[in-house]
Amino acid sequence: MLPFLIRRLAGLVFLLLILTMLVFGLSRALPGDVAAMYVGLKAKPEQIQKARLELGLDKPVHVQYLRYMGRLLKGDLGISLRTHRPVARDLKEKLPLSLEIVLLALLISIALGLPMGVVAAFKRDTWIDSAVNMIGSAAVSLPIFFLALLLQLVFFNWLGWFPLQGRISTMMEFRDPLPAVTRFGLIDALLAGDLEYMADMAWHMFLPVVSLASIPLGLVARLSRSSLLEVMQADYIMAARASGVGETVLFFRYGLRNALSPVLSIMGLSMALMLLNTFYVEQIFNYPGIGYWALASIFSLDYPVLVAITLVLGAIYVLSNTIIDVLRRWVDPRIK
Amino acid sequence: MSVKQKEKPILEVKDLVAEFTTAAGRLRILDGIDFSLFPAEILALVGETGCGKSVTAKSIMNLLAEQVCKRRGKVMMDGVNLLDLSKKQMRSYLGRRISMIFQNPIASINPVFTLGEQIRRLVRIHMAGEITRVKSELGCTTAAAIDRLAAANLEKVGLTDVDQLMRAYAHQISGGMAQRYRIATAVLGNPDVLIADEATSALDVTVQAHILRLLKRLSAEKNTAIIFITHDLGIAAQLCQQVAVMYSGRIVEVAPTAELFKNPLHPYTRGLLKAVPQLSRKTGLEHIPGTIPDLRNPPSGCRFHPRCRQAMERCRRLRPPLVETKSHQVCCHLYDAGNKEAAWAKS
Ligand SMILES: Nc1ncnc2c1ncn2[C@@H]1O[C@H](COP(=O)(O)OP(=O)(O)OP(=O)(O)O)[C@@H](O)[C@H]1O
Ligand code: SF4
Ligand SMILES: [Mg+2]
């Protein structure tokens, strides 16, 4: 296991390095003059020239990259063209908001999707199986913006059970802010012992999380079912059955563990998908996370922010895949 | 055989039919299998690839899902038809009365659990009595008793370094070790019948010889009857007292080994013996013209008739019955008493 971990860690560092190069290249390839944008549309040519020197844009590319890396390692992601605030500071605030709903959605999609798939496989060709199949197909095929609007219609307009949008109720906004320990709202509220705050946030998160969880849940349910059914045909299952091992152990222990690897792989993909889907979901629910920020920055061509978001989302994707590889190795010792 | 016939068979298969529902339609893979297995007997089941040997084994063991494979007929053990049993009822037979090992030993070990974990579970399932005995004898914990019994079972099949082996995974051991391990797990519940489905085909020759010796010893020591499925007539001759020859879903001839080799009755068996002793998977049988039948559309009457030099008019029409001669059972119109046309062929 240890050599495996070391190899994976080295791979991770390497991928992150490549990622910074790509993102750096991207930032240079973007249309428009960065210096001109930095000083604003009405700036005079001398001002633009000054900004160019200030930003080091006159230096050779590799020097620029090294400087970029230097700043990156210091946590400097540049200044937003739109707000003129440091990008890193906004990122620190907004990223946890999005990560919180994405991780919750991931958790829900495993916690519900896996048992659904397993039960469907165990009760193959019964009404339970068909029900899971239907829910799974619907969850995968509903476009996320449609689902989000549908949820708003049903749970806000008709039933009035959940708020339309936002992260907390207006009332709560006048309270003292929570101490930022983990920067995950729910956990910080819990740590501060403020259950009312926590409940209010959870109430607001519910519909966005459900919207995000839908596709991964469907994927996990369907994949765990099919993977398990396939595994149950394997020689080693038949051999264990022939030697007298009971069906329950065969299914829930010997079979399930073998079926987990593809399900874990799909989690990595789900993570990437959900990060992108925050763009829609946060817009629709007016939720002030990274997706909301990204869209606003796209419309105002706020390049430093877009470049930073690209970098961060890429890094999260690379990191989550590494974690998933480690988990897969843990359930399946054959993985090299 | 005469001595044997007085004995009661431990396993009796009568008119076993298996039909698969596939995209290509309904395939009658087993078309009425008949044979008996006596205690401590080693019976070879030989035949070309695709003739249904593995399906026979899995049907006997009740291992095929009902949705895919419909079975009829009888698989009698102690007066019980195993085909009538539910999965739950079958559990009191699997591993205890009847067990099986497969062609690819590595693939039949669960890859994500250690060997120890898997054999310990079988010890718990099959050796409850011994566990208490070992516990009281040695005054150790249940876990230690299970460990000890697991190790002892592995040593019995000639494995060494068992502590290390129990911590290993399937992909870390050799094919020979894996097959020994599989034999240990298959016979741990002391079954009366062991089906070995091409248990040595995937192994190299020296290892093959070790495994054959092990099976022979097992059968002798524990009175285990073995159905040894193989392509290799040479191995069948070495190891087995009886040989059953299978063709396209039927057993066409059964006889004591020496008798079968000396005096084969069925035209297919004769062809087999003229061919190279090793029934090659690739080249098929050079001495028998034609190919194995297409099961989507099997020949009428005797399924061998398109390839049989002695085929008669009735072979196309009528399914040959199983005929008992002095020492053989043979499934061919040539030996059908009611068939005058065939009288000349008897010898
Ligand atoms: N699950 C299945 N569904 C459909 N057909 C099957 C299935 N399993 C086996 N068959 C068919 O049944 C026939 C007999 O297969 P079987 O595996 O018993 O052959 P075999 O005699 O064991 O051959 P081999 O020597 O290659 O192992 C083959 O034609 C095969 O295609
Ligand atoms: S029954 Fe007829 S076709 Fe079949 S083996 Fe005998 S002689 Fe040949
Ligand atoms: Mg086979």
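Residues numbered from 1 in each chain as written. Chains lettered and ligands numbered in written order. Predicted model: local features only at pLDDT ≥ 70, side-chain atom pairs only at ≥ 80, totals over all residues. Heavy atoms only, no water.

## Concerning the overall build of chain B
Helix and strand content of chain B: 13 helices and twelve strands. Taking 347 residues into account, the globule formula puts the C-alpha radius of gyration at 20 Å, and chain B, at 21 Å, falls close to it. Expressed as a percentage of the 347 residues in chain B, the buried residues total 55%. Contacts spanning at least 24 positions in sequence make up 65% of the contacts within chain B whose residues lie at least 6 apart. Working note: accessible area of chain B is about 15,300 Å², and carbon and sulfur atoms make up 52% of it. Side-chain charges in chain B split into 48 positive and 32 negative, and the spacing between the mean points of these groups amounts to 2 Å. (Helix = DSSP H or I, 4+ residues; strand = E, 2+ residues; numbered from the N terminus. Rg over C-alpha atoms; globule rule 2.2 N^0.38 Å. Buried < 20%, exposed > 50% of the residue type's maximum accessible area, 1.4 Å probe, protein only. Contact = heavy atoms within 4.5 Å. Areas by Shrake-Rupley, 256 points an atom, 1.4 Å probe, with all protein chains shown as cover. Lys, Arg positive; Asp, Glu negative; His and termini not counted. Charge placed at Lys NZ, Arg CZ, Asp CG, Glu CD.)

## Examining the nonpolar core
Residues Leu154(B), Leu215(B) and Phe228(B) are the most contacted members of the largest nonpolar core, which totals 142 residues. Core analysis: the next-biggest nonpolar cluster, separate from the first, contains 46 residues, Leu43(B), Val55(B), Met61(B) and Leu64(B) among them. (Core = buried A, V, L, I, M, F, W, Y, C linked by side-chain atoms within 4.5 Å.)

## Some details on the site of ligand 2
Every residue close to ligand 2 is listed here: His266(B), Pro267(B), Cys302(B), Phe304(B), His305(B), Cys308(B), Gln310(B), Ala311(B), Cys315(B), Cys332(B), His333(B) and Leu334(B). Looking at the shell around ligand 2, its residues break down into eight nonpolar, four polar and no charged. (Near = heavy atom within 4 Å. Nonpolar A, V, L, I, M, F, W, Y, C, P; charged D, E, K, R; others polar.)

## Some points on the sheet that holds strand β12 (residues 329-330) of chain B
Residue and element names in this part refer to chain B. Strand order across the open sheet formed by eight strands is β6-β7-β8-β3-β9-β10-β12-β11, with mixed pairing between neighbours. Across the chains shown, the open sheet's two edge strands, defined by having one partner strand only, are β6 (98-101) and β11 (323-324). The pairing of β11 with β12 spans two bridges and is classified as antiparallel. Within β12, the residue paired with Glu324 across the bridge is Gln329. (Pairing = 2+ DSSP bridges.)

## Looking at unusual backbone geometry
Of note in the backbone geometry, Arg183(A) takes a positive phi value of approximately 70° without being a glycine. Looking at the secondary structure, you find Arg183(A) in the loop between α8 (170-173) and α9 (185-191). You will see that Ala40(B), though not glycine, has its phi angle at about 65°, which is positive. Within the fold, Ala40(B) resides in the loop between β2 (25-37) and β3 (42-46).

## Focus: the interface of chain B and chain A
Each partner contributes residues to the interface: chain B has 30 residues there, and chain A has 22 residues. Its largest share of buried area at the contact with chain A, chain B owes to Val112(B), Phe113(B) and Arg121(B), together 24% of the area lost on that side. At the boundary of chain B and chain A, one finds two salt bridges. Lys87(B) is the partner of Glu247(A) in a salt bridge, and the nearest nitrogen-oxygen pair spans 3.8 Å. Taken together, chain B and chain A are joined by eight residue pairs in polar contact (both at pLDDT 80 or more). Breaking the side of chain B that touches chain A down by element, the ones donating at least two residues are β6, α4 (115-126) and α8 (175-187) of chain B. Tallying contributions element by element places α4(B) first for the side of chain B that touches chain A, with six residues. Classifying every residue of the side of chain B that touches chain A gives 15 nonpolar, nine polar and six charged. (Buried area = accessible area lost by both parts, 1.4 Å probe. Salt bridge = Lys/Arg side-chain N within 4 Å of Asp/Glu carboxyl O. Polar contact = N/O pair within 3.5 Å; in protein donor to acceptor, adjacent residues only side chain to side chain.)

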